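Structural overview
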Amino acid sequence: MKKTAEQTPNFDMNNMLNAAAQLRQIDDLLTSSQALWRCRSFECQQLPWSQAFPHLAEAVWQLSDDSLESIDACQQRLNRALLPALAADLNAQGVQWPLALFEQSAIGAEITDSITESHPQSLLKAEDEPHFSAHIKGRKWQQINAFVAKLPYENTPVLEWCAGKGHLGRLIAKAHHREVVSLEWQQSLCEAGEQFAAKWQLPQTFICADAFAGQSEQLHTELLAVALHACGDLHVKLLQHASEAGTKQLVISPCCYHLIQAKQYQPLSRVAKSSALTLNRADLQLPLQQSVIANDKHKGYRLQEMAWRLGFDALQRKVRGCNEYLPVPAVKQSQLNGGFSDFCLWAAEAKGVILATDIDFQAYQAIGEQRQRLTRRVDLVAHLFRALLEQWLLLDRVCFLQERGYKVELSEFCSNSITPRNALIHAFK
Ligand SMILES: C[S@@+](CC[C@H](N)C(=O)[O-])C[C@H]1O[C@@H](n2cnc3c(N)ncnc32)[C@H](O)[C@@H]1O
């Protein structure tokens, strides 16, 4: 089931019409299916779409509680579990959706805890690598290696956007012998990066600055601008400013689409601007919601916490006479070792809810457990659409760059097990 970056075909995005047409197709599907993926699952008392999609409702309830996490962890498995029932419902409605798009966008293969698979080839001499990578965590080092392996081997100077300690820039400087400027706003990270660069005598310098300020003086034509996992607005700013400056090459891997300043997603390309979709921050988190198979103890705590929160929610709605979710602060794991009634007393105090002395906590615990089973199923169906939504967001960026005169390729730079945010946008003039 697991795919490696090598096995995953690159999307042929060289043709502008192709990307725009794909974006439009996905947009139509996402717009028609909003009822299935834009639900606030913790608010639901029943499957909110069960009347229109009875086969899907039956399919999702037939899945055992124990199987949900492993199905959710793998987009292809999720597709196999739910698409036949969705197809049956659409058939009954006399509606056609291009379900093949689900298969094409199932780029998220299984996430496992194993990082032994799909090691990108090292770019450094065997004797240098252990020292060079000593302070970089395993997966980050693998990501950086894989990212650099995808870069054109040239001597154009590089600007590393939102660099952190500049690990990516440092490997580019070392492996490609080229000048790198790393832009980062946290002084301490810049200083740490400067020390590493000096230790290895590399042509890498740091600029401690705010990426939101535009940094137009850093962006010019003869430049390769790179950004690995610059969150939300930060990588969008790079696309906007670099394309205005006519920067020759851009290679970015987007992440955290929901970290935006505006309340709603601000589409970039003409196609996305004409879409009927208005995405809020919660919607934009959907691509990031993929289960990582946790150990049983951790999984047990997570599911118990979910059930207890939902049980307390039912209780507070009754006590306050108000049918509204009341967010409760984060809990310490140790609190989950106590009883449900202690949890409710703590949550009630934290939220200023006055509880009577004769509450049937067992009944509310049972309600919480039932709502947890429901919530997980509402989420599972929404997750069917997470890869498509990510594809929509990626294609919005691709089309935006094409509209500004770039040739653009969209691919994956490493396997999903190294990071699920493995999409790579490569734009060049
Ligand atoms: C998710 S980290 C990615 C770091 C690095 N590229 C990597 O992959 O390890 C995002 C970085 O962006 C930096 N950052 C956040 N806001 C910024 C801003 N307004 N200007 C410049 N850097 C910023 C953060 O300090 C952080 O180091």
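Criteria and thresholds
- Residues numbered from 1 in each chain as written.
- Predicted model: local features only at pLDDT ≥ 70, side-chain atom pairs only at ≥ 80, totals over all residues.
- Heavy atoms only, no water.
- Helix = DSSP H or I, 4+ residues; strand = E, 2+ residues; numbered from the N terminus.
- Rg over C-alpha atoms; globule rule 2.2 N^0.38 Å.
- Buried < 20%, exposed > 50% of the residue type's maximum accessible area, 1.4 Å probe, protein only.
- Core = buried A, V, L, I, M, F, W, Y, C linked by side-chain atoms within 4.5 Å.
- Pairing = 2+ DSSP bridges.
- Axes fitted to C-alpha atoms, helices over the stretch in contact; angles between N-to-C directions.
- Contact = heavy atoms within 4.5 Å.
- Phe/Tyr/Trp six-rings, centres within 6.5 Å; stacked < 30°, edge-to-face > 60°.

Right, let's talk about the overall build of the protein chain for a bit. Along the protein chain, the regular secondary structure elements total 17 helices and seven strands. Relative to the compact-globule value of 22 Å for 429 residues, the protein chain shows a C-alpha radius of gyration of 24 Å, a close match. A principal-axis box enclosing the C-alpha atoms of the protein chain has dimensions of 70 × 50 × 40 Å. Within the span of the protein chain, comprising 429 residues, buried residues form 54% of the whole.

Time to look at the nonpolar core. The biggest cluster of nonpolar side chains holds 78 residues, and the ones touching the most others in it are Leu86 and Trp392. No other element matches helix H17 (residues 386–403), which puts ten residues into this core. Core analysis: the next-biggest nonpolar cluster, separate from the first, contains 26 residues, Ile136, Trp141, Ile144 and Leu424 among them.

Strand order in this open sheet of seven strands is E3-E2-E1-E4-E5-E7-E6, and the pairing throughout is mixed. Whereas interior strands pair on both sides, the edge strands pair on one side only; in this sheet they are strand E3 (204–208) and strand E6 (407–412). Strand-to-strand twist in this sheet, taken as the mean axis angle between neighbours without regard to direction, amounts to 15°. As judged from the six bridges shared by strand E4 (residues 224–231) and strand E5 (residues 249–255), these two strands associate in the parallel manner. Paired with alanine 227 across the strands is isoleucine 252, a residue of E5. Here H17 sits on the sheet in contact with E5, E6 and strand E7 (423–428), set at roughly 155° to E6.

Let us now look at the packing of aromatic side chains. Under the defined criterion, the tally for this structure stands at eleven aromatic pairs. With centroids separated by 6.2 Å and ring planes inclined at 55°, the aromatic side chains of phenylalanine 132 and tryptophan 141 adopt a geometry described as tilted. Judged by relative accessible area, phenylalanine 132 falls into the buried class, the value being 0%. Residue classification places tryptophan 141 among the buried positions, given a relative accessible area of 8%. Look at tyrosine 265 and tryptophan 392: their rings are 5.7 Å apart centre to centre, the planes differ by 65°, and that puts the pair in the edge-to-face class. Residue tyrosine 265 is located in the loop between E5 and helix H12 (270–273), and its partner tryptophan 392 is located in helix H17; the two are separated by 127 residues in the primary sequence. Tyrosine 265 gets classed as buried once you look at its relative accessible area, which sits at 9%. Judged by relative accessible area, tryptophan 392 falls into the buried class, the value being 1%. Here the aromatic residues Trp308, Phe340, Phe343, Trp346 and Phe361 are joined through ring pairs into a cluster of three or more.

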